[in-house]
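If you want the building blocks of each chain, they are given just below.
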Amino acid sequence: MRFSEVIGQEDTKRHLLAMAASGKVPHAMLFQGPQGDGKMAMAMAFASALLCQNHAPGEEACGHCQQCAMLEKWEHPDLHFTFPTIKPKGSPSDYKPISDDFIREWKQLLRQGPYFTLNQWLSAIGVENQQSIISVGESDELQRKLSLMSSQGGYKINIMWLPERMNPAASNKILKLLEEPPKQTIFMLVSEQPELLLETIRSRTQPITLHRLSDQEVEEALVSQRGIDEAAAHRIAHVVAGNWLHALDELDANNENSTFLDLFIQFMRIAYQRDVRAMKKWAETTAAMGREQQKRMLTYFLRLIRENFMYNFQRPELNYMTEAEENFAKNFARFVNERNVLTITEKLQLAIRDISQNANSKIVFYDLALNITVVIKQ
C-alpha cells in the first residue's frame, strides 16, 4: 500500500513522511476525520512505509522489496490488525472472540481496496445484521503478540480499525498497553467516532486529523480510477460531499440507499395519509432488518429530512441529493418546514437511541410512524 493510492490528503501524507524520516514516530496515533476521508488507507500506507526496509528517508514504501511483497498480500508478520468481530458459530457461550477468528476474510477485504465500511466488513463475514465489538479477548491476544520480538527487526505495528467498538473491559486493557507499550511498537487507531473512546485513551494518542475531500479530488478520482465521464463524476462529487465511500455507493445501482429511499417514500406517504394499517405493515417490514441496518436506515432518514428542509430555500449549492432523491423532494420538501423539522429530527434520533439499546424494533417503528403522522402536516 502506497501513499499514492490514497485519494487527496496531501498535507497529511507529507506530515507522516516527514515524521518517518525524522525517526520520531509516536508510539500511538489516532487517525480521525469525516467518514470516507481515507483514514484506513492512510494508516495502511504509513504502516507500509515504516515496515519497508528499502526506501530513502521521507519517501513512501518502495513497492518491490521483500517487505513490500509481504505487505501486498497483508501477510507481514509484524503488522497486526484489530477490528470488530462477533462470536464464531459453534463457539462456547463464554468465548471471547478475537480478530484472528476472521483474519482470512479480513485480508480478502483489504486486497479489494482500503476504502470500505463496517457494513461491508460484516457482510464479508456473513453477519451484517448483528452488532459487532472488539472484546477483551482481543486485547489479551494483542498483548501476547506484541510482547514477542519483531520477526523482521523493525517496528511492530497494530492497526486498530474502529476502536470505539471496544467493550469497557477491552478499553481498559488497551489503555494499559498504550501506557506501557512494548518496545518498537506502534499503535494506529483508526476511528470514525473518536468521541466514544475513553478520554484517557485519546490523551495517550497523537491525533492525525484528515479533512473532508474536496469535490474536485473526488471528481478526479472518479474519472481516473473508475472511468466515469466528467458530467456524471461532477454530480456524484457534489452529492457525496467529500465522502469517497458514498461515491463508491453511488456507482452501485443496487446500493443500500436505494432501498432506504423507497422505505422513506413509503413512510412519508403513509404518515401523510394517516393509514394506520399501512403503518403497522411498514413497521413489521423494517423490524425484520438487523439492528445495524435499522440504524443506518434511520440515519439516512435524518439526512433526507435535512436535505428536504434545505431544498425549500432554493439554493442548489446547499443540497446534496441524488437525482432520485431530488425528484421526490420536488413535491415532498414543502412538508418539512420550520414548524416541524426539529420535532421530526428529534423523533428519528430517539428511534436510533432506542434501537441501539435493543428496544423492540416493531414497537419503535410503529411509534415513530404515529409521531410523524401528527407533525407532518404542520
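Anything mentioned here points back to the structure above.
Scoring rules and cut-offs
Each chain has its residues counted from 1, running along the sequence as written. Selection of residues for local features in this predicted model requires a pLDDT of at least 70, selection of side-chain atom pairs for listing and counting requires 80 or more, and totals for whole chains, interfaces and linings are taken over all residues. To get the side-chain values, all heavy atoms of the structure are used, and hydrogens and water are removed first. Three labels apply to residues, based on accessible area from a 1.4 Å probe with only protein chains included: buried if under 20% of the type maximum, exposed if over 50%, partly exposed otherwise in between. Secondary structure counts use DSSP, requiring at least four H or I residues in a row for a helix and at least two E residues in a row for a strand, with both numbered from the N terminus. Criterion for a salt bridge: a side-chain nitrogen of Lys or Arg within 4 Å of a carboxyl oxygen of Asp or Glu. Nine residue types can take part in a nonpolar core, namely buried Ala, Val, Leu, Ile, Met, Phe, Trp, Tyr and Cys, and a core is a set of them joined through side-chain atoms within 4.5 Å. Contact criterion: two residues are considered in contact whenever any of their non-hydrogen atoms come within 4.5 Å of each other. Aromatic rings from Phe, Tyr and Trp, taking only the six-membered ring of Trp, are treated as a pair when their centres fall within 6.5 Å; an angle between ring planes under 30 degrees marks them as stacked, one over 60 as edge-to-face, and anything in between as tilted.

Enquirer: Would you explain unusual backbone geometry in this entry?
Expert: Most peptide bonds adopt trans geometry, and most residues besides glycine take a negative phi value. In this structure, Trp 74 takes a positive phi of about 55 degrees despite not being glycine. Overall, Trp 74 belongs to the buried group, its relative accessible area being 6%. Phi angles above zero are rare outside glycine, and Arg 274 is one such case at about 55 degrees. Structurally, Arg 274 can be placed in the loop between α12 (256-273) and α13 (276-287).

Enquirer: It is not clear to me how the pattern of salt bridges should be interpreted in this structure. Could you clarify?
Expert: Taken as a whole, this structure holds 21 salt bridges when the rule is applied. The residue Asp 11 makes a salt bridge to Arg 14 at a minimum N-O spacing of 2.4 Å. Of the two residues, Asp 11 and Arg 14 both sit in helix α1 (residues 10-22), three residues apart, roughly one turn of that helix. Across the pair Arg 111 and Glu 75 runs a salt bridge, and its minimum N-O distance is 3.0 Å. Of this pair, Arg 111 sits in helix α4 (residues 103-112) while Glu 75 sits in the loop between α3 (66-72) and β2 (79-82), placing them 36 residues apart in sequence. Residue Arg 111 is classed as partly exposed on the basis of its relative accessible area of 43%. Look at Glu 75 and you get partly exposed, because its relative accessible area is 39%.

Enquirer: In this structure, what is going on with the nonpolar core? I would like to understand it.
Expert: Grouped burial of nonpolar side chains is what soluble globular proteins tend to show. One finds Phe 31, Phe 46, Trp 121, Ile 159, Trp 161 and Met 188 to be the most contacted residues of the largest nonpolar core, which totals 58 residues. Considering each element in turn, this core owes the most residues, 11 residues, to helix α2 (residues 39-51). Not counting the four nearest positions on each side in its chain, Trp 161 is found in contact with Met 40, Thr 82, Phe 83, Pro 84, Trp 106, Phe 116, Thr 117, Leu 118, Trp 121, Ile 134 and Val 190. Listed in part, the 37 residues of the second largest apolar core include Met 297, Leu 304, Val 341 and Ile 344.

Enquirer: Looking at this model, I keep getting lost on the packing of aromatic side chains. Mind explaining?
Expert: Remark: the centre distance and the inter-plane angle together describe each pair of aromatic rings, the angle taken between the planes. This model, assessed by the stated rule, comprises 21 aromatic pairs. Between Phe 83 and Trp 106, the aromatic rings sit 4.2 Å apart at their centres with planes inclined by 15 degrees, giving stacked as the arrangement. Note that Phe 83 is positioned in the loop between β2 and α4 and Trp 106 in helix α4, a separation of 23 residues in sequence. Both residues of the pair, Phe 83 and Trp 106, count as buried. Centre to centre, the rings of Trp 106 and Trp 161 are 5.5 Å apart; their planes meet at 45 degrees, and the pair counts as tilted. In this pair, Trp 106 sits in helix α4 while Trp 161 sits in strand β3 (residues 156-161), placing the two residues 55 residues apart along the sequence. One exposure class covers both Trp 106 and Trp 161, and it is buried. Ring pairing ties together the aromatic residues Phe 264, Phe 267, Tyr 272, Trp 282, Phe 301, Phe 328, Phe 332, Phe 335 and Phe 365, which thus form one cluster.

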